[in-house]
Amino acid sequence: MYQPLADRLRPKSLDQVAGQRHILGEDGVLGRIIRGGTIPNMIFYGPSGTGKTTVAEIAAARIGRPFYRLNATTASLADIKAVTADVGTLLAPDGVVLYLDEIQYFNKKQQQSLLEFMENGKLTLIASTTENPYFYVYNAVLSRSTVFEFKPLTPEEILPVILRGMETLGQDQGAAVHWEQGVPEYIAQGCGGDVRKSLNAVEALFAAHAQDRGEISLTLAETAAVAQRSATRYDRDGDVHYDILSAFQKSIRGSDPDAAVHYLARLLEAGDLISPCRRLMVMASEDVGLAHPQAVSIVKACVDSANMLGLPEARLPLAQAAIFLATCPKSNSGILAIDRAMVDLRKGTTGEVPAHLRDSHYGGAAKLGHGQTYRYAHDYPHHYVQQQYLPDALKDRVYYHYGENKTEQAAKTYWDRIKGDG
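Sequence order as written defines residue numbering, which begins from 1 separately in each chain. The model is predicted, so local features are restricted to residues of pLDDT at least 70 and side-chain atom pairs to those at 80 or more, both for listing and for counting; the totals for chains, interfaces and linings are taken over all residues. Side-chain calculation: all heavy atoms of the structure are included, whereas hydrogens and water are not.

A. How the structure looks around a nonpolar patch on the surface. Nonpolar side chains (Val, Leu, Ile, Met, Phe, Trp, Tyr) are joined into patches within 5 Å and like charges within 9 Å, using only residues with over 30% relative accessible area and no salt bridge. Residue-level accessible areas treat just the shown protein chains as cover; the underlying method is Shrake-Rupley with a 1.4 Å probe. By convention in these notes, a salt bridge is any Lys or Arg side-chain nitrogen within 4 Å of a carboxyl oxygen on Asp or Glu. Nonpolar side chains collect at one region of the surface, where Tyr134, Phe135 and Tyr136 lie side by side and expose about 380 Å² of accessible area between them. Tracing the backbone shows Tyr134 in helix 8 (residues 133-136). For Tyr134, a relative accessible area of 56% gives the class exposed. The helix and strand labels rest on DSSP assignments: H or I over at least four residues marks a helix, E over at least two residues marks a strand, and numbering proceeds from the N terminus. Type-normalised accessible area, obtained with a 1.4 Å probe on protein chains alone, sets the label of each residue: buried when under 20%, exposed when over 50%, and partly exposed for intermediate values.

B. Geometry of the nonpolar core. In this structure, Phe248, Ile252, Leu273, Leu280, Val299, Leu318 and Leu325 are the most contacted members of the largest nonpolar core, which totals 27 residues. Of all the secondary structure elements, the ones that give two or more residues to this core are helix 14 (239-253), helix 15 (257-269), helix 16 (274-288), helix 17 (295-309) and helix 18 (315-327). The residues touching Val299, leaving out its near neighbours within four places in the chain, are Leu280, Met281, Ala284, Ala321, Phe324 and Leu325. Ranked by size, the runner-up nonpolar core spans 23 residues in total, among them Leu169, Ala175, Cys191 and Leu199. Nonpolar cores are built from buried Ala, Val, Leu, Ile, Met, Phe, Trp, Tyr and Cys residues. Side-chain atoms within 4.5 Å join them into one set. We call two residues in contact when some of their heavy atoms are within 4.5 Å.

C. Looking closely at the packing of helix 10 (residues 155-172) against helix 11 (residues 183-190). Contact geometry for helix 10 and helix 11: axes closest at 9 Å, N-to-C directions at 125 degrees. If you check the angle between helix 10 and helix 11, you find them oblique. Of the two elements, helix 10 crosses helix 11, and the hand of that crossing is right-handed. Along the contact surface, helix 10 presents Pro155, Ile158, Leu159, Ile162, Leu163 and Met166, while helix 11 presents Pro184, Glu185, Ile187, Ala188 and Gln189. Residue composition of the contact of helix 10 with helix 11, grouped by class: nine nonpolar, one polar and one charged. Here an axis means a line fitted to C-alpha atoms, over the contact stretch when the element is a helix, while the angle between two N-to-C directions is reported on a 0 to 180 degree scale. Oblique is the label for every angle not falling under 35 degrees (roughly parallel), over 145 degrees (roughly antiparallel), or within 65 to 115 degrees (roughly perpendicular). Note on convention: the crossing is left-handed when the near helix lies turned anticlockwise from the far helix by less than a right angle, right-handed when the turn is clockwise. Throughout this entry, Asp, Glu, Lys and Arg are counted as charged residues, while Ala, Val, Leu, Ile, Met, Phe, Trp, Tyr, Cys and Pro are counted as nonpolar. The remaining residues, Gly among them, count as polar.

D. Broad picture of the sheet that holds strand 2 (residues 67-71). Pairing is parallel across the open sheet formed by five strands, whose spatial order is 2-3-4-1-5. Looking at which strands have only one partner, the edges of the open sheet turn out to be strand 2 and strand 5 (146-149). Averaged over neighbouring strand pairs, the angle between their axes works out to 20 degrees when direction is ignored. When DSSP finds at least two bridges between two strands, those strands are taken to pair. Here four bridges tie strand 1 (residues 42-45) to strand 4 (residues 123-129), and the two strands are oriented parallel to one another. Its bridge partner lying in strand 4, Met42 is registered against Ile126.

Structural data, given as structure tokens:
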């Protein structure tokens, strides 16, 4: 019977697991827990192919309880009841270990059905998810579990696994295996930190040589064909989408044009045009703002151009916008000012519009005293006259503070001089 290479090479002990040294190494908490033999309820969070299932199986074997595996994309309440029915019986007198893959697809009722057995220790839950558990797992389950994050493997961590897979398949075919320089490294680099994906690529590569006898020669060209574009790990509705957008904005805010175009490239390579366009427009006001007020119109022109061109040409004006914003002077004085004003509003601190500022363009306004003492600024020197504009309850409030950049400081100098004269 056919058995996938990734399954054949699945580690049987923690020492064989590739990567995850931050949690499985000598000082890693998860590794120490598993070696200690007392396994609590746990949630493994991380991308596919990083060892979550493998570590769950090793942990279950360590405590010697029956191991059940369900996938939340297809499992139902009936499947959960079938597992828990064995708890306390001769089949599982000390309880069971349930590995629940993709727990984020279970609804609240399905997740809550596990709680009773998690409470009394008869069921040890090891759940895995590719999404942030703090968003997708209900609090009652989270509070009874310990979360461990699995990270994508580095090419250096995956390379030994690839070499072992090539050796195994070479032995299966009874052939000497040779490859062009860089073949294993290409697979390791292109799998996006996913061990399973890397071994699938190795398997596909050898399948293309199934008819070869005695000797197998692997080329970079065919390696590129089977590896394809696997390095891009992206889901517009998932955590990675928001992580990349966050890194994109923070790189521009931090004035790093190289990081900015890197994260822009990741968004565009995944075919996402809308998100970077919207985020660039936000950054023009939020992060550059009054330090370069023309940034809004410049970025808007780039975004309009990108939407007119479509991908792949859209990368050109968007790269221009990203580099432009990253190298602009920065100011967040505008967002700080509006946020301070919003805080007062939400606290209910508003007050009435001063009478002299109210609309006076209707009959009867004069009788109400609206607009009667208003002074028209353009009638005064420098088009400025001192008068109260904020409501009485806020008349001394200061929301806007000039930024330290050249543009805002020039405005501050001008108004300090004018208002000092007023």
